[in-house]
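# Commentary on secondary and tertiary structure
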Amino acid sequence: MKSIIKIALVATVAIIAQNVQAQEVEEVKKEVSEDIVSQVSALEKRKEQLTENWKQTLKRRIEYINAQQEKLDLSAAEVEERKKEAAEEIALNIENELAIIDNQIELVKRTGHMNPYYGTSVEIGLGGVDRDGNRVLGVAVNRNKPGVTNYDRRTYGETVFAMGLNNAISDDADIGDDFSIGKSTFVELGYAWKTRVFKNSGALQFKYGLSLQSNFLSIKDNRTLESLEGGNTFQEFPFDLKKAKIRVTNLVVPLHFEFGGWKKEQKEDYVRYRTGGKFRMGIGGYAGVRLGTQQKLKYKENGDRIKTKSRQDYDGDNLVYGLSSYIRVTGDLSLYAKYDLSSAFKTVELGEVNNISLGLRLDL
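Right, let's get into the overall build of the protein chain. The helix and strand inventory of the protein chain stands at two helices and 16 strands. The buried share of the protein chain, taken over its 364 residues, is 34%. For the protein chain, long-range pairs separated by at least 24 residues make up 66% of all intrachain contacts whose partners lie at least 6 apart in sequence. In the structure as shown, the protein chain presents an accessible area of about 21,800 Å², 55% of it carried by carbon and sulfur atoms.

Right, dumping it as C-alpha cells:
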C-alpha cells in the first residue's frame, strides 16, 4: 500500500512539473511572439517615415534647383532635366531602402531580432562608446530594435559634472578670511537637456535640468561653528583640529541660455546644428531646496583619533537660488562659476554667509 502511495505521489509531482514547464514554455513563446510583432511594427513605421523623409529631400532639392536657375542662368530644359534626374535618384533610393527594410522584417520573423548574432545586451561604462557609437554613462540596455531617425533633432540630453574651489562672501568678511581657500571645495552632479531656440540657427539654446550640489567650507584658526542662545558663532576648539568642515547640500534646477558658435550639418535624411568645438557660453541661474547642512570634525584626544558629524541648519535658507555661468574652454570642458544669493548659514560674526564657487565643468 505504501509503495502505491509513493508511486502516486511521484506521478503527481511529475505531472505538476510538466504542467509548470509547459506554462513557462508558453509564456516564453508569447513573449518572443510579442517582441517580434513589436519589431516588425517598428520596421513598418520606419518604411513610412523613410518614404516621407525622401519626399521632403526631393522637395528641398527642387527648391534648390529653382534657386540655381537664375544664379547659373539655366534654361527651362536644363532645369527640368535636373529635376527629372533628382526624382529618379530619390525613387531609386526609396526602392533600395525599402528592400533593405523588407529583408530586415524577414530576418526578424525568422530569428526574433535584427541581428541574429546578438539579442538584448547591456553596456556598462563611464564616458565610453557602445557598438552604435552612443556615449555610455552608467548602464545602457540595447534591445536590438530598430529606431527611426529624427530629421531635425532640437533637444539633447547630457550628464553634467563640475568641481572646484568654494568659499564664502558675507557683509563683514572677505573671501578667505574665515574659510580656507585651498581646502574649501564644491562638487556638482546632474543631468541637463538643451533645446535649440531658433528653427534655423544653433546660436542660442535653452539649457535646463536637475543637479545635486555640495558646497564645502573649511573653517580656519582651529575653530568650529556652534549654535548658542545668542546665535551661531565660531568657538575655539580645545584640541588640535585636523579638519573642521561645513557641508551644505542642495538639490537645484539649473536654467541657462547658452549661445555661441555652431555649424550646420545637412544630409539627405537629417539636419544637425553642431556646437562641438565651438566657443559657447552659458548665462543663467538655479533654484531649489536645501537638503541638509553638516559639520564634520577630525581631531585627536589623548592620542585617539576622533571623527564627529553633526547636522544643524545654522539658520540657513531652505529655499536656495543663485546665479551661474560657464565658458567652454575645450571640447566638453568649461570654466564654471556660481554664486548663492540665498544664505548657506548665519553667524554672529559674519551675518549671512553666501557660497561662491569657481571650477571646471564637464557636459558629457
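The rest of the description comes next.
With that out of the way, let us pick up the side chain of Q213. Considering the arrangement of structural elements, one finds Q213 in strand β5 (residues 204-218). Within the structure, the side chain of Q213 is placed 3.3 Å from the side chain of E188, a separation counted as a polar contact. In contact with Q213, other than residues within four places in its own chain, are V187, E188, V248, T249, N250, V252, Y286, Y336 and K338.

Core analysis: the biggest nonpolar cluster contains 19 residues, and F179, I219, L225 and F345 have the highest contact counts within it. Elements supplying a minimum of two residues to this core: β8 (241-260) and β11 (280-301). It is β8 that provides the largest number of residues to this core, a total of four residues. Ignoring any residue separated from it by four or fewer positions in sequence, one finds F345 in contact with F179, L217, L225, I246, D313, Y314, D315, G316, G351, E352 and V353. Within the second largest apolar cluster, 15 residues are counted, among which are V40, L50, I94 and I105.

What follows deals with the confidence of the model for the protein chain. Note: predicted coordinates in regions of low pLDDT should not be interpreted at a detailed level. On average, the protein chain scores 82 in pLDDT, and the residues at 70 or more come to 79%. Per-element confidence in the protein chain is highest for strand β14 (residues 333-340), whose mean pLDDT is 96, and lowest for strand β1 (residues 121-129), whose mean pLDDT is 53.

Residues K242, K300, R305, K307, K309 and R311 make up a contiguous surface patch of positive charge. With respect to the helices, strands and loops of the structure, K309 is situated in strand β12 (residues 304-311).

Backbone geometry at D221 places phi at a positive 65°, although glycine is not the residue there. Inspection of the secondary structure puts D221 in the loop between β5 and β6 (223-228). With a relative accessible area of 53%, D221 lands in the exposed category. In this model, N222 sits at a positive phi of 55°, which is unusual for a non-glycine residue. With a relative accessible area of 22%, N222 lands in the partly exposed category.

Turning our attention to a nonpolar patch on the surface. A grouping of L210, L212, L251, V253, L255, V289, L291, L319, Y321, L323 and L341 is seen on the molecular surface, where their side chains present a nonpolar patch of about 940 Å² in accessible area. Of all the elements in the fold, those that place two or more residues in the nonpolar patch are β5, β8, β11 and β13 (319-330). Following the sequence through the fold, L323 ends up in strand β13.

This part takes up the pairing of β6. Remember that side chains alternate between the two faces of the sheet whenever the strand is regular. Two strands pair when backbone bridges link them, and β6 and strand β7 (residues 231-236) are joined in this way by six bridges, in the antiparallel orientation. Bridge pairing links R223 to E236 in β7. Hairpin connection between β6 and β7: a loop of two residues separates the two successive antiparallel strands.

Before going further, it helps to spend a moment on the environment of L165. In this fold, L165 is placed in strand β3 (residues 155-169). With 194 residues separating them in the primary sequence, L165 and G359 have C-alpha atoms 6.0 Å apart. With sequence-adjacent residues up to four places away left out, L165 is seen in contact with I181, G182, S184, T185, F186, I356, S357 and L358.

Here we take up the packing of aromatic side chains. Scanning the model with the defined rule gives 11 aromatic pairs in all. Between the aromatic rings of F179 and F345, the centroid separation amounts to 6.3 Å while the plane-to-plane angle is 75°, which identifies the pairing as edge-to-face. Taken together, the residues F179 in the loop between β3 and β4 (185-196) and F345 in strand β15 (residues 345-347) connect sequence positions 166 residues apart. Here F179 matches F345 in class, with each residue buried. Seen in terms of ring centroids, F186 and Y336 are 6.2 Å apart; in terms of plane orientation they differ by 50°. Their pairing is tilted. One end of the pair, F186, is in strand β4; the other, Y336, is in strand β14, with 150 residues separating them in the sequence. The exposure class assigned to Y336 is buried, which follows from its relative accessible area of 2%.

Rules used in this analysis
- Residues numbered from 1 in each chain as written.
- Predicted model: local features only at pLDDT ≥ 70, side-chain atom pairs only at ≥ 80, totals over all residues.
- Heavy atoms only, no water.
- Helix = DSSP H or I, 4+ residues; strand = E, 2+ residues; numbered from the N terminus.
- Buried < 20%, exposed > 50% of the residue type's maximum accessible area, 1.4 Å probe, protein only.
- Contact = heavy atoms within 4.5 Å.
- Areas by Shrake-Rupley, 256 points an atom, 1.4 Å probe, with all protein chains shown as cover.
- Polar contact = N/O pair within 3.5 Å; in protein donor to acceptor, adjacent residues only side chain to side chain.
- Core = buried A, V, L, I, M, F, W, Y, C linked by side-chain atoms within 4.5 Å.
- pLDDT = per-residue confidence, 0-100.
- Patch = residues over 30% accessible without salt bridge, like charges linked within 9 Å, V, L, I, M, F, W, Y side chains within 5 Å.
- Salt bridge = Lys/Arg side-chain N within 4 Å of Asp/Glu carboxyl O.
- Lys, Arg positive; Asp, Glu negative; His and termini not counted.
- Charge placed at Lys NZ, Arg CZ, Asp CG, Glu CD.
- Pairing = 2+ DSSP bridges.
- Phe/Tyr/Trp six-rings, centres within 6.5 Å; stacked < 30°, edge-to-face > 60°.

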